[in-house]
Amino acid sequence: QVQLVESGGGLVRPGESLRLSCAASGSIFAINAMGWYRQAPGKQRELVAQISSGGSTYYADSVKGRFTIARDNAKNSAYLQMNSLKPDDTAVYYCNVVGWEYGSLVENDYWGQGTQVTVSS
């Protein structure tokens, strides 16, 4: 099995920063893309940022210029640096990994348990 452990959420004021971390462990063999999704109350889950195995990045328009995604392949880890946070960024943030387990030819999606980010004055 593959486990994703997230950390770094919390309560901050508008304009402040947070850094989310996600580490994949267990039977993960290879990772393609790593990303962060978020889901606010009453809204659908949305892709916030994603980074490919080659380092190409995608950002939702709402976070461009404020959020930065990075990964450490040696540690099977991804990070999301969130600056200039706004109340609209309040949501549960989920780490997502697209990859393969040992012995599997099928690429799968794996999800973290979610970490709450609250931006409020």
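Residues numbered from 1 in each chain as written. Predicted model: local features only at pLDDT ≥ 70, side-chain atom pairs only at ≥ 80, totals over all residues. Heavy atoms only, no water.

*Asks:* Quick question: what am I supposed to make of the overall build of the chain here?
*Replies:* The helix and strand tally for the chain stands at zero helices and eleven strands. Its helices and strands taken in sequence order, the chain reads β-β-β-β-β-β-β-β-β-β-β from the N to the C terminus. Relative to a compact globule of 121 residues, whose C-alpha radius of gyration would be 14 Å, the chain shows 14 Å and is just as compact. The C-alpha extent of the chain, read off along each of the three principal axes, is 50 × 25 × 25 Å. When contacts within the chain are restricted to residue pairs at least 6 apart in sequence, long-range pairs at least 24 apart make up 55% of them. (Helix = DSSP H or I, 4+ residues; strand = E, 2+ residues; numbered from the N terminus. Rg over C-alpha atoms; globule rule 2.2 N^0.38 Å. Contact = heavy atoms within 4.5 Å.)

*Asks:* I keep staring at the nonpolar core and nothing clicks. Help me out?
*Replies:* The nonpolar side chains of a soluble globular protein tend to be buried, and buried together. If you look at the biggest cluster of nonpolar residues, it comprises 31 residues, and the most contacted ones within it are Leu4, Trp36, Phe67, Leu80, Met82 and Tyr93. Going through the elements one at a time, strand 1 (2-7), strand 3 (18-26), strand 4 (28-39), strand 5 (46-51), strand 7 (67-72), strand 8 (77-82), strand 9 (91-101) and strand 11 (115-119) are the ones with two or more residues in this core. Dropping the residues within four chain positions of it, Tyr93 is found in contact with Glu6, Leu20, Trp36, Tyr37, Arg38, Val48, Phe67, Leu80, Met82, Gly114, Thr115 and Val117. (Core = buried A, V, L, I, M, F, W, Y, C linked by side-chain atoms within 4.5 Å. Buried < 20%, exposed > 50% of the residue type's maximum accessible area, 1.4 Å probe, protein only.)

*Asks:* How do you make sense of the state of the cysteines when you look at a structure like this?
*Replies:* Simply put, the disulfide is a covalent bond whose two ends are the sulfur atoms of two cysteines. Applying the stated rule across the entire model yields one disulfide. Two residues share a disulfide in this structure: Cys22 and Cys95, whose sulfurs sit 2.0 Å from each other. Note on the Cys22 and Cys95 pair: the S-S dihedral is about -80°, so by sign convention the disulfide is left-handed. Residue Cys22 is found in strand 3, and its partner Cys95 is found in strand 9; the two are separated by 73 residues along the sequence. (Disulfide = S-S within 2.5 Å.)

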